[in-house]
Amino acid sequence: MAFKWLKRKKDKGADEAEADSPAVDEAAEAEAPAEADEEAPPETPPETEPHEPLAEDQPPEDEVITTASEDEPAGKPRRSLFKRLRSGLTKTRDFLNTDIEDLFSGKRKFDEEMLEELEELLIAADIGVRTAMDLIEKIARKASRIDGVEELKSILREEILALIDRAPEDEGTGMAKPQIIMVVGVNGVGKTTTIGKLAAHHAREGRKVLIAAADTFRAAAIEQLTIWAERAGADIVKHKDQADPAAVAFDAVEAAVARDVDVVLIDTAGRLHTKVNLMEELKKIKRSVGKKIAEAPHEILLVLDATTGQNALSQAQLFDDAIDLDALALTKLDGTAKGGIVVSICSSLNIPLRHIGVGEKIDDLQEFNAKDFVEALF
């Protein structure tokens, strides 16, 4: 059935464009310096005064760091988080529910033809061909129970949750202090914004946070991160533009130890996951912080953009091969009707999905909960 669908979709090139990877600053990549002597990290260059950041690099004006939205009553954090999750998944939910209801237009009996149409719908929601085929096979075994749209939705919830539960249990990032978290990803996925929101989250939890501005190549990256650090109440360690990223990371860890910091978030330059030399730079940063604190970084977090669809899955696999990922964060779920990528990622990768982004506000980066996600999806 999947191959029949692929043939019918051949002329719909517009749908394919959404899976392209984000643009990467090729000029910045070309300027990446060769590896320096790793045994003695370079001395810290003097810190630069931040200049006025580019307009497109500034965080939105309405992003304020609060523990709850103004229109939500205090004392109900669980429900307010779920409301934001459900709101963020509106496009995906509307897409799935409307099309599933359309399957039963004219009070049709659930049959082989409807199974094929349902498979097309799941693939269009970016659940992926293999995952969609697995779901259809399981639903087909329960076809006798399906008399209408509600029965079908109930079985879909049950089977999607079973697929998501294949992901490994997330045991957290441990109790190391300082906790070193290295954040990676291609340009355009929302990596810097995610770091800012994570910093704000840890600060609200009463932790002392330090950010390492190790993306020294992208224009205004350091200034953008400085704005986020100020909003989150976090310290920041930064060098001059074009400085060695490994040196920035090393100095940040050294400063964290001296200042009794709880969490260190290391920003890294966006890069194409297919560029070997740039992946080597990530390995160098990883080795550099490990020289200061054994077993650091304690977590390598890959940020993915949900709107890139199945390409996000490919990125995760390649990054994991290069630097052994510990966790994933999936952003921009509110901007796409293809939230099924969450199902594909959880069922295909042996890497925990820890955070999902369902909006622009500071609280819209949430810890991923499989049951809440499935409930919000329908």
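Residues numbered from 1 in each chain as written. Predicted model: local features only at pLDDT ≥ 70, side-chain atom pairs only at ≥ 80, totals over all residues. Heavy atoms only, no water.

1. What about the nonpolar core?
Put simply, the rule reads: Here, the term nonpolar core denotes a set of buried Ala, Val, Leu, Ile, Met, Phe, Trp, Tyr and Cys residues that are joined through side-chain atoms within 4.5 Å. With a 1.4 Å probe rolled over the protein chains alone, any residue whose accessible area is under 20% of its type maximum counts as buried; one over 50% counts as exposed, and the rest are partly exposed. We count a stretch as a helix when DSSP gives it H or I for four or more residues in a row; a strand needs E for two or more, and each element gets its number in order from the N terminus. Residues count as neighbours in contact if any of their non-hydrogen atoms are within 4.5 Å of one another.
With 106 residues, the main nonpolar core has Leu118, Leu152, Leu328 and Leu330 as its most contacted residues. Looking at this core, the element that brings in the most residues is helix H11 (residues 245–259), giving seven residues. The residues contacting leucine 330, other than those within four sequence positions of it, are Leu304, Asp305, Ala306, Ile341, Val342, Ile345, Leu353, His355, Ile356 and Gly357.

2. Thoughts on the environment of lysine 338
Of note, lysine 338 is situated in the loop between strand E6 (327–331) and helix H14 (341–348). Considering only alpha carbons, one finds lysine 338 and leucine 122, 216 residues apart in sequence, at a separation of 9.2 Å.

3. Here's the deal with the sheet that holds strand E4 (residues 263–268)
So the rule is basically this: By the convention used here, strands pair only if DSSP detects at least 2 bridges between them. Note on definitions: angles span 0 to 180 degrees between N-to-C directions of axes, and those axes are lines fitted to C-alpha atoms, for helices only across the stretch in contact.
The eight strands are arranged E3-E2-E4-E1-E5-E6-E7-E8 in an open sheet whose pairing can be described as mixed. Both edges of this open sheet fall to strand E3 (235–237) and strand E8 (365–367), since each of them pairs with a single strand only. Adjacent strand axes in the sheet meet at a mean angle of 25° when their direction is disregarded. Here strand E2 (residues 209–214) pairs with E3 via three bridges, running parallel. Residue pairing in the sheet places isoleucine 211 in a bridge with isoleucine 236 of E3. Contacting E2, E3 and E4, helix H10 (residues 221–232) runs over the sheet at an angle of about 175° to E2. Sheet contacts for H11: strand E1 (179–184), E2, E3 and E4; angle to E2, the most-contacted strand, approximately 165°.

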